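Summary of the model geometry
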Amino acid sequence: MILRRLTKNIKSQNWFAVVLDFIIVVVGVFVGLQVSNWNDVKKEEMSRGYYLERLASDLSQTIAFSEDTEATATETIAIIERFTAALNDPNSPPEELVAAARAYFGEGTLMSGFTVFWGTYEDLSSTGNFSVLESPELVGKLIELSTFFEFLAEGSLVNTDWVMPFETSLAAEFDWMRY
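Residue numbers here run from 1 along each chain, matching the order of that chain's written sequence. Residues qualify for local features only when their pLDDT is at least 70, as the model is predicted, and side-chain atom pairs are given and counted only at 80 or more; totals for whole chains, interfaces and linings, by contrast, use all residues. Calculated side-chain values reflect all of the structure's heavy atoms, with hydrogen atoms and water omitted.

**Let's talk about the overall build of the protein**
How we decide: Secondary structure is summarised from DSSP: a helix means a run of H or I of at least four residues, a strand means a run of E of at least two, and numbering begins at the N terminus for each. Categorising residues by exposure relies on relative accessible area from a 1.4 Å probe, with only protein chains included: less than 20% of the type maximum marks a residue as buried, more than 50% marks it as exposed, and the intermediate range marks it as partly exposed. Residues count as neighbours in contact if any of their non-hydrogen atoms are within 4.5 Å of one another.
Summing up its helical and strand segments, the protein has six helices and zero strands in all. For the protein, the N- to C-terminal ordering of α and β elements is α-α-α-α-α-α. Every one of the 179 residues in the protein was classed for burial, and the buried ones make up 22%. Pairs at least 24 apart in sequence give 73% of the contacts found in the protein among residues at least 6 apart.

**With respect to the packing of helix α2 (residues 15-88) against helix α4 (residues 119-127)**
This is how it is decided: Every angle, taken between N-to-C directions, lies between 0 and 180 degrees, and every axis is a line fitted to C-alpha atoms, over only the stretch in contact when it is a helix. An angle counts as roughly parallel when it lies under 35 degrees, as roughly antiparallel when it exceeds 145, as roughly perpendicular when it falls between 65 and 115, and as oblique in every other case. Just so you know the grouping, Ala, Val, Leu, Ile, Met, Phe, Trp, Tyr, Cys and Pro go in nonpolar, Asp, Glu, Lys and Arg go in charged, and all remaining residues, Gly too, go in polar.
Put simply, α2 and α4 touch, their axes get as near as 8 Å, and they point 135 degrees apart. Between α2 and α4, the angle falls in the class oblique. In contact with Tyr51, Arg54, Leu55 and Asp58 of α2, α4 contributes Gly119, Thr120, Tyr121, Asp123, Leu124 and Thr127. Counted by class, the contact of α2 with α4 contains four nonpolar, three polar and three charged residues.

**A closer look at the side chain of Thr76**
Put simply, the rule is: N or O atoms within 3.5 Å of each other form a polar contact, as long as, within protein, one can give a hydrogen and the other can take it, and as long as residues adjacent in sequence are counted only when both atoms are side-chain atoms.
For Thr76, the location among the structural elements is in helix α2. A polar contact is formed between the side chain of Thr76 and the backbone oxygen of Thr72, at a distance of 2.8 Å. Discounting chain neighbours no more than four positions away, the residues touching Thr76 are Glu107, Gly108 and Leu110.

In structure tokens form, the structure reads like this:
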């Protein structure tokens, strides 16, 4: 419709109408681009908030799981110490040795690995959306934390792989089945 009007005004040499139509088109395009940019900024702000909330949730879950794991490890250590003490004490009553062995083989052999809830970081990393966070410092700290988590997870696996083969030899060495 604008093109038809513009063509008609050019043919009739109505330059005022041509300039006015041109200004209307330019202003319309400019306003459209501004609205589009504003919409993109809004989407990015929403995306940033979404990612930050998810990162906070992931870290909270990791902390809660780590605290539970620490409590379980403390209980496991106490069970192992009780069993070891009963095995090393030649005067240990058979009931205590049996109870300590049951506790050890029931709960004392539980090895909890290191678990990290890190889905948001992986999402940011795989999609390349780190720029949404707008903070190079935050991105750097997240990368450091990821590296640290990988180190802890690898160490946890190494420790688990190292400890598990010794359980059988521990039982054989102390001959706990003698009772």
